[in-house]
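Spelled out, the chains give:
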Amino acid sequence: MRITSVETGRRPVHLRLPFRTALREVKDFEVVTVRVLAEGGVTGCSEVVGTARITGETNASIEEAVNAVLAPVLIGRDLGDYCVALADTALAMVGNSTAKCGIDVAVHRAVAAWRGTALSEVLGATLRPIATDVTVSLATPSDMAAEASRRVDEGFGTLKLKVGGPVALDIERVQTVAGAVPGNVALRIDANQAWTARQALQVIDGLVLAGVAVEFIEQPVPAADLAGLAAVTARSPVPVVADESAHTAADVRRLADAGACDVVNIKLAKCGGLQAATEVVAVARACGLGLLFGSMLESGSGVAATAVLASRFAPDQVHDLDAGWWAETESAAIYRPPFVLCDDKPPDAPSMQ
Ligand SMILES: [Mg+2]
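Calculation criteria
- Residues numbered from 1 in each chain as written.
- Predicted model: local features only at pLDDT ≥ 70, side-chain atom pairs only at ≥ 80, totals over all residues.
- Heavy atoms only, no water.
- Buried < 20%, exposed > 50% of the residue type's maximum accessible area, 1.4 Å probe, protein only.
- Helix = DSSP H or I, 4+ residues; strand = E, 2+ residues; numbered from the N terminus.
- Contact = heavy atoms within 4.5 Å.
- Donors = N, O, S within 2.8 Å, 3.2 Å for Na, K, Ca; no water.
- Pairing = 2+ DSSP bridges.
- Axes fitted to C-alpha atoms, helices over the stretch in contact; angles between N-to-C directions.
- Phe/Tyr/Trp six-rings, centres within 6.5 Å; stacked < 30°, edge-to-face > 60°.
- Lys NZ or Arg CZ within 6 Å of the ring centre and 35° of its normal.
- Domains from an automatic or database assignment.
- Buried area = accessible area lost by both parts, 1.4 Å probe.
- Salt bridge = Lys/Arg side-chain N within 4 Å of Asp/Glu carboxyl O.
- Polar contact = N/O pair within 3.5 Å; in protein donor to acceptor, adjacent residues only side chain to side chain.
- Nonpolar A, V, L, I, M, F, W, Y, C, P; charged D, E, K, R; others polar.
- Left-handed = near helix turned anticlockwise from the far one by under 90°.

Trainee: Looking at this model, I keep getting lost on helix α9 (residues 226–235). Mind explaining?
Mentor: An α-helix turns once per 3.6 residues; consequently, residues spaced three or four apart project the same way. For α9, the full list of buried residues reads G228, L229, A230, V232 and T233. Looking at the packing, one finds that the buried side of α9 touches α8 (197–210), β9 (240–242) and α10 (249–257).

Listed below in structure tokens is the structure:
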């Protein structure tokens, strides 16, 4: 069953609330849709979004990469050889991980459609509800506490608090939220690269002194500051998660060699899709690092694909897959706090004519 064409388009996504981190504020955005078509009416679709501050890509650059570079490598290839075809697309250009992710997920879904099965079966996973945290946007301490209480009332038991300096204000933010929610609610902190190593340790020490327990601290320092990340990890009593520092399997190997984190946040858009994420998982496991599956601010389509991987590799953890919750209307990943439920039914069997 040969791949005949690849199409891209756009779709708007409206958020129920503004999403604010130390890096950016997002209200509404567009996703790039990628559709892989094969003989016999077989199709597979994906949705991705350019996040320039993290992968260096925009929606326009994703469309150009897909249409001008990646699609020509795929067209004419057999779906039965999809692993080889995807490996070849990954080698066709440096970087552009989100564009590669769009191709990778669409091809995997085309394979599922061709076989008349679900994506989870293609990936060797038993699909189950995946627990997720929910993000509380960066704001004043009292506004964050109010948002945190709303999310807890909706059923979330794990909150990811966005922080971003200054140190004293960040300590106050976390302390105020901790005082506003029940003691059994787990708090995670994500600085999105906002601190120096020294500031990160000041925040951690301040929280310990205040008696505020946090589950982990994510990406405290800039992505390229491996030494800073290692210094925080060496001294912190709280586990450190690498996100912006950990895109590919090679990144994870470097982080492990430097002792620079305890856990990696794996996102399809950072590594290049499902096939590449499986390599990241293998390296992280081999190096003794924990796994957290996360998503960009994207649609439920990408979250659903990631949740399948979480089902396969770390089904019992609370992951970071709330992106679809932020979108007003989604179908591929349904949120029933605190779970992501994927719409991963086998597609209708394709026509064989
Ligand atoms: Mg993060």
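Trainee: Explain the coordination of the magnesium ion to me, please; I cannot follow it from the model alone.
Mentor: Ideal geometry at a metal gives 109.5 degrees between four tetrahedral donors and either 90 or 180 degrees between six octahedral ones. Taken together, the protein ligands of the magnesium ion are D190 (OD), E218 (OE) and D243 (OD), with distances of 2.1 to 2.3 Å. Donor residues for the magnesium ion, ordered by position in the chain, follow D-x27-E-x24-D. Taken together, the positions of E218 in strand β8 (residues 216–218) and D243 in the loop between β9 and α10 put the pair 25 residues apart, joining distant regions of the chain. We note that E218, like D243, is buried.

Trainee: Is there a simple way to think about the sheet that holds strand β13 (residues 339–342) in this case?
Mentor: Sheet strands line up and pair through hydrogen bonds in the backbone, either parallel or antiparallel. With respect to topology, 3 strands assemble into an open sheet ordered β4-β13-β12, the strand pairing being antiparallel. Strands with a single pairing partner mark the edges of an open sheet, and in this sheet they are β4 (130–131) and β12 (333–336). Direction of pairing for β12 relative to β13: antiparallel, over a ladder of 4 bridges. Across the sheet, the residue bridging to Y335 is V340, located in β13.

Trainee: Before we go on, may I ask you to explain the sheet that holds strand β5 (residues 134–136) in this structure?
Mentor: One open sheet holds the 7 strands; their spatial order is β5-β6-β7-β8-β9-β10-β11, and the pairing between them is parallel. Each end of this open sheet is capped by a strand with a single partner; those strands are β5 and β11 (290–293). Strand-to-strand, the axes of this sheet are offset by a mean angle of 30°, without reference to chain direction. As paired strands, strand β10 (residues 263–266) and β11 are joined by 4 bridges and run parallel to one another.

Trainee: Please clarify how the packing of aromatic side chains should be interpreted in this entry.
Mentor: Each aromatic ring pair is described using two quantities: the centre-to-centre distance and the angle formed by the ring planes. Under the definition given, this model contains 3 aromatic pairs. Centre to centre, the rings of W325 and W326 are 5.3 Å apart; their planes meet at 85°, and the pair counts as edge-to-face. With a relative accessible area of 3%, W325 lands in the buried category. Of the residues examined, W326 reaches a relative accessible area of 2% and is grouped as buried. An aromatic cluster of at least three residues, connected via ring pairs, comprises F19, F156, W325 and W326. Its guanidinium or amino end placed over the ring of W325, R16 lies 4.2 Å from that ring's centre, counting from NZ or CZ.

Trainee: What's the story with the pairing of β10 in this structure? I'm lost.
Mentor: For a regular strand, side-chain orientation follows a simple rule: the groups alternate between the two sheet faces. Covered by surrounding structure in β10 are V263 and N265 together with V264 and I266, the residues of both alternating faces. In terms of strand pairing, β9 meets β10 through 2 bridges, oriented parallel. If you follow A242 over to β10, its bridge partner there is V264.

Trainee: When you look at the domain arrangement of the chain in this model, what are you seeing that I'm missing?
Mentor: It is common to give the size of an interface as the accessible area that goes away when the parts come together. What the domain assignment reports for the chain is domain 1 (3–117) and domain 2 (130–342). Here the C-alpha centre of domain 2 lies 24 Å away from the C-alpha centre of domain 1. Residue-level contacts link 34 residues of domain 1 with 36 residues of domain 2. Across the interface of domain 1 and domain 2, roughly 2800 Å² is buried in total on both sides, 60% from carbon and sulfur atoms. If you sort the residues of domain 1 by the area they bury against domain 2, R16, F19 and R20 come out on top, with a joint share of 21%. Run the count over domain 1 and domain 2 and you get 0 salt bridges. Summed over the shared surface of domain 1 and domain 2, the result is 14 residue pairs in polar contact (both at pLDDT 80 or more). Where the side of domain 1 that touches domain 2 is concerned, the elements lending two or more residues are β1 (3–20), β2 (25–38), β3 (43–48), α1 (52–55), α3 (82–91) and α4 (97–115). With 9 residues, the top contributor of residues to the side of domain 1 that touches domain 2 is β1. For the side of domain 1 that touches domain 2, a count of residues per class yields 17 nonpolar, 8 polar and 9 charged.

Trainee: Just checking my understanding: could you explain the packing of helix α12 (residues 274–286) against helix α13 (residues 300–313) for this structure?
Mentor: If you want to describe how two helices pack, look at the angle between their axes and the distance between the axes. The interhelical angle for the contact between α12 and α13, taken along N-to-C directions, is 35°, at an axis separation of 11 Å. The hand of the α12/α13 crossing is right-handed. Facing L274, A277, T278, V281 and R285 of α12, the residues of α13 in contact are A305, L309 and F313. Residues belonging to the contact of α12 with α13 are distributed by class as follows: 6 nonpolar, 1 polar and 1 charged.

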